[in-house]
Amino acid sequence: MVALLTGLAACQGPTPGSDEASGNILTIYGEIGTVDRGPVDPVTEPLFGAFGMEFEAASLFNWTSLNAIEQHSIASDFPAGGPVRRFSGPLLRDVIDIADPRGDTLVVTALDGYQREISLARIVDHDVILALRMDGQPLGVGGYGPAMLVWPRGSDPALDGMPDDDWLWGVFAVEVVTAAAD
């Protein structure tokens with residue numbers, strides 16, 4: 001019973017100041033200027049390998065570092081047409097800025113392998129947040145965590161009627177690339 005309760009608590013996000021707070025939950029790689037880690041180790045990082053992600057350097061973010069960035073909140077329905085919830089976390093553009101992007105497109109990857117290519121300009125124009133909490137509770141793995149892209153479709157008229165396709169949950173990696181010319 002204790003093991004079950006411990007496992008459930010771990011899925012709710014770390015307690016600030018705990019050892020879990022230092023675990024990395026987001027990796028940004030690709031065309032970036034700020035790096036703080038080396039290449040993928042296929043032995044100890046099989047998830048990157050499973051999704052074909054290879055890089056020589058990356059920028060890492062843990063729960064504490066993401067919470068240290070100015071937090072914003074969005075009240076919006078998710079899934080579309082569902083209940084309105086309050087999501088909070090840093091603006092995704094602020095997180096990406098720390099990695100010093102050199103490209104113009106983000107390839108966002110979720111834990112289930114779902115990927116979306118989204119222009120950086122679109123992220124900036126619409127104040128998308130990298131949600132870490134929903135209704136005040138940390139997003140946990142097994143739910144929408146460790147992080148989720150949340151769009152202000154309830155308050156941004158340009159996003160009226162937006163489907164859920166770009167509302168990635170379980171986000172753990174973002175690759176910065178330069179979009180191919182048409």
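This one's a predicted model, so the numbers in the text were calculated from it and none came from an experiment. Counting of residues starts from 1 at the beginning of each chain's written sequence and follows it residue by residue. Restriction of local features to residues with pLDDT of at least 70 applies here, the model being predicted, together with a cutoff of 80 or more for giving and counting side-chain atom pairs; totals for whole chains, interfaces and linings are based on all residues. Hydrogens and water molecules were not included; the side-chain quantities draw on all heavy atoms of the structure.

J.: Describe in detail the environment of Leu149, supporting the description with residues and values.
T.: Strands here mean DSSP runs of E at least two residues long; helices mean DSSP runs of H or I at least four residues long; both are numbered from the N terminus. Inspection of the secondary structure assignment puts Leu149 in strand 10 (residues 148-150). Along the backbone, Leu149 and Gly89 are 60 residues apart, and their C-alpha atoms lie at a distance of 9.6 Å. Apart from the residues within four sequence positions on either side, Leu149 is in contact with Leu92, Val108, Ile118, Val128, Ile129, Leu130, Asp166, Trp167, Leu168 and Val171. Contact definition: two residues touch when any of their heavy atoms are within 4.5 Å.

J.: Can you tell me about the side chain of Thr105, naming the residues and giving the values?
T.: Here Thr105 is to be found in strand 5 (residues 105-110). The rule is simple: take the accessible area with a 1.4 Å probe, protein chains only, and divide by the maximum for that residue type; under 20% is buried, over 50% is exposed, in between is partly exposed. Since its relative accessible area comes to 5%, Thr105 is described here as buried. Here Thr105 is in contact with Glu117, Ile118, Ser119, Leu120, Glu175, Val176, Val177 and Ala179, once residues within four sequence places are set aside.

J.: With reference to specific residues and values, describe unusual backbone geometry.
T.: Trans peptide bonds make up most of the peptide bonds, and negative phi angles are found at most residues other than glycine. Look at the link from Phe78 to Pro79: it is a cis peptide, with omega at -10°. If you trace the backbone, Pro79 turns up in the loop between strand 3 (71-77) and strand 4 (84-90). Residue Pro146 is reached from Gly145 by a cis peptide bond, and omega for that bond is 15°. Secondary-structure assignment places Pro146 in the loop between strand 9 (137-138) and strand 10. In this model, Asp127 sits at a positive phi of 50°, which is unusual for a non-glycine residue.

J.: Can you lay out the sheet that holds strand 4 for me, pointing to particular residues and giving the numbers?
T.: What holds strands together in a sheet is hydrogen bonding between their backbones, with the strands either parallel or antiparallel. The strand order across the open sheet built from four strands is 3-4-8-9, with neighbouring strands paired in antiparallel fashion. Bordering the open sheet on either side are strand 3 and strand 9, each of which pairs with just one other strand. Note: two strands are recorded as paired if DSSP finds a minimum of 2 bridges between them. Two elements, strand 4 and strand 8 (residues 133-134), share two bridges in a ladder whose sense is antiparallel. Of the residues in strand 8, the one forming a bridge with Phe87 is Met134.

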